Amino acid sequence: VQDALSFDCELSDPEAATEVAKAAAFRVAEGKILWLESFWFPSQERKSDVQFSRVGRSGLRVQQTNPPSEQQVSALVEATAEFEAHWRKQITSALKKLEV
């Protein structure tokens, strides 16, 4: 039996220029994770076959709750890339709600 599709997503910016900027980016990412965890994860988990969990303080894991279909298993690399692209787009869209 094949493992479910999953990927980890880090929301802080590792490319920040200074240590102060990295620390600030880390705190912003931590706040975003808290918002997602409180307001977005529950509804998405109800609507989709995925489960979200925190990874560290500023990252998250998206994991398919049902095993992949036979079609996904036959093209697992493509399925994983599509799964990740889809959920990265969804997360980005959700986080736009925080921007003012």
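Calculation criteria
Residues numbered from 1 in each chain as written. Predicted model: local features only at pLDDT ≥ 70, side-chain atom pairs only at ≥ 80, totals over all residues. Heavy atoms only, no water. Helix = DSSP H or I, 4+ residues; strand = E, 2+ residues; numbered from the N terminus. Buried < 20%, exposed > 50% of the residue type's maximum accessible area, 1.4 Å probe, protein only. Contact = heavy atoms within 4.5 Å. Pairing = 2+ DSSP bridges. Salt bridge = Lys/Arg side-chain N within 4 Å of Asp/Glu carboxyl O.

1. Side note on the overall build of the protein
- What the protein contains, in helices and strands, is three helices and three strands.
- Counting from the amino terminus, helix and strand elements in the protein follow one another as β-α-β-β-α-α.
- Looking at the 100 residues of the protein, the share that counts as buried comes to 29%.
- Considering only residue pairs separated by 6 or more positions, the protein has 63% of its internal contacts joining residues 24 or more positions apart.

2. Comments concerning the pairing of strand S1 (residues 6–10)
- Of the two faces of S1, the one lined by Phe7 and Cys9 is fully buried and the one lined by Ser6, Asp8 and Glu10 carries no buried residue.
- In the sheet, S1 pairs with strand S3 (residues 59–64) via five bridges, with the strands oriented antiparallel. The residue of S3 that forms the bridge with aspartate 8 is arginine 61.

3. Focus: the pattern of salt bridges
- Taken as a whole, this structure holds five salt bridges when the rule is applied.
- With a closest N to O distance of 3.8 Å, lysine 22 and glutamate 19 form a salt bridge. With a gap of three residues between them, lysine 22 and glutamate 19 both fall in helix H1 (residues 19–47), about one helical turn apart.
- Taking relative accessible area as the criterion, lysine 22 reaches 33% and is therefore assigned partly exposed.
- By relative accessible area, glutamate 19 is classed as exposed at 61%.
- Between glutamate 37 and arginine 54 there is a salt bridge, with the nearest N and O atoms lying 3.6 Å from each other. Within this pair, whereas glutamate 37 is found in helix H1, its partner arginine 54 is found in strand S2 (residues 50–55), the two being separated by 17 residues in sequence.
- By relative accessible area, which is 29% here, arginine 54 ends up partly exposed.

4. Overview of the environment of alanine 94
- Mapping alanine 94 onto the fold places it in helix H3 (residues 76–96).
- Sequence separation between alanine 94 and tryptophan 35 is 59 residues, and the spatial gap between their C-alpha atoms is 9.7 Å.
- When near neighbours in sequence (up to four residues on either side) are disregarded, alanine 94 contacts Trp35, Leu36 and Trp40.

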